[in-house]
Every structure is written in structure tokens, then in C-alpha cells.
Amino acid sequence: MSKNSMLPESQKAVQLLKVQFGLNVKRYRKKASLSQLELGQKTGQTQPQISAIENGRVNISFEKMALVTFALKKTISDMFLWQKTNLNDKFYQLGYRPC
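What comes next is a walk through the structure. Residue numbers restart at each chain and count upward from 1, following the sequence in its written direction. Since the coordinates come from a predicted model, pLDDT governs what is reported: local features require at least 70, and pairs of side-chain atoms require 80 or more to be given and counted, while whole-chain, interface and lining totals use all residues. Side-chain measures here rest on the full set of heavy atoms in the structure, leaving out hydrogens and waters.

**Notes on the environment of Gly40**
Worth spelling out the cut-off: In this text, helices come from DSSP runs of H or I with a minimum length of four residues, and strands from runs of E with a minimum of two, each type numbered from the N-terminal end. Type-normalised accessible area, obtained with a 1.4 Å probe on protein chains alone, sets the label of each residue: buried when under 20%, exposed when over 50%, and partly exposed for intermediate values. Note on definitions: a residue-residue contact is assigned when non-hydrogen atoms from the two residues lie within 4.5 Å.
By the element assignment, Gly40 lies in helix H2 (residues 36–43). Looking at Gly40, the relative accessible area reads 0%, which means it is buried. Separated by 31 residues in the primary sequence, Gly40 and Ala71 place their C-alpha atoms 9.5 Å from one another. If we ignore the near neighbours within four places in the chain, the residues touching Gly40 are Gln45 and Ile50.

Take a look at the structure:
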């Protein structure tokens, strides 16, 4: 399915997943006492790329998602855990109301 054929609700859902993943990357990176540059070096990405991931501004490939996740010693499911303190504001900005 092309990006243009996605329904607006689907686009919101995809954006929310990117935001959720990115906020968890940032949270776990900080817990691991890593800078964006250090995480980038561990995953073959640049500091601006890590920043864009953390801010939900890029469509990350599954391969890059796995590299980031494994570098943080987490599971893929960890990266999509709901963190109310991190996500509520971003979700509301995007027009979603958590259940």
C-alpha cells in the first residue's frame, strides 16, 4: 500500500508508533548513559539520525529498529511499551486519546 493511499487514521497510527518508539529509544538511551553520538556509533548511524528517530521524524527500517533495540539491550516489545509520562502530550498533539 502506498503512503498516499493510507487513510488519515492509519497515518496517525503510524506516526504514533514512530513517536512511541522514539521516546522509548531516548528513555532507554539515557538509562544506559549513552549520548546520541555513542548510540549512533553502536548502530552505524549518525547523531542527527538518532535524534530524528527519537523525535519520530523518520520512517525507520526494521533493520535499523533492531540495531537500535539490540544496542540498548532491549526487546522490540520493550520499545513499544506505553509510557504515559512520555507519550500523553505527543498523542494529544496528534489528536489521539489513549484508551
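So that's the structure; there's more coming.
**Concerning the nonpolar core**
Rules: Definition of nonpolar core: a set of buried residues of the types Ala, Val, Leu, Ile, Met, Phe, Trp, Tyr and Cys, connected through side-chain atoms within 4.5 Å.
One finds Phe21, Val25, Leu39, Ile53, Leu72 and Met79 to be the most contacted residues of the largest nonpolar core, which totals 13 residues. Elements represented by at least two residues in this core include exactly helix H1 (8–31), helix H3 (47–54) and helix H4 (62–71). Once residues within four sequence positions are removed from consideration, Leu72 is found in contact with Val25, Tyr28, Arg29, Leu34, Leu39 and Met79.

**Observations concerning the packing of H2 against H4**
In a packed pair of helices, the relevant descriptors are the angle between the two axes and the axis-to-axis distance. Rules: Throughout, an axis means a line fitted to C-alpha atoms (over the contacting stretch in the case of helices), and angles, computed between N-to-C directions, take values from 0 to 180 degrees. In a left-handed crossing the near helix is turned counterclockwise from the far helix by less than a right angle, and in a right-handed crossing that turn is clockwise. When residues are grouped by polarity, Ala, Val, Leu, Ile, Met, Phe, Trp, Tyr, Cys and Pro land in nonpolar, Asp, Glu, Lys and Arg in charged, and all others, Gly among them, in polar.
It is at 9 Å that the axes of H2 and H4 come closest, and there the two elements cross at 115 degrees. Two packed elements cross with a definite hand, and for H2 against H4 that hand is right-handed. The residues of H4 that touch H2, namely those facing Leu39, Lys42 and Thr43, are Leu67, Val68 and Ala71. Here the residues of the contact of H2 with H4 are counted per class, giving 4 nonpolar, 1 polar and 1 charged.

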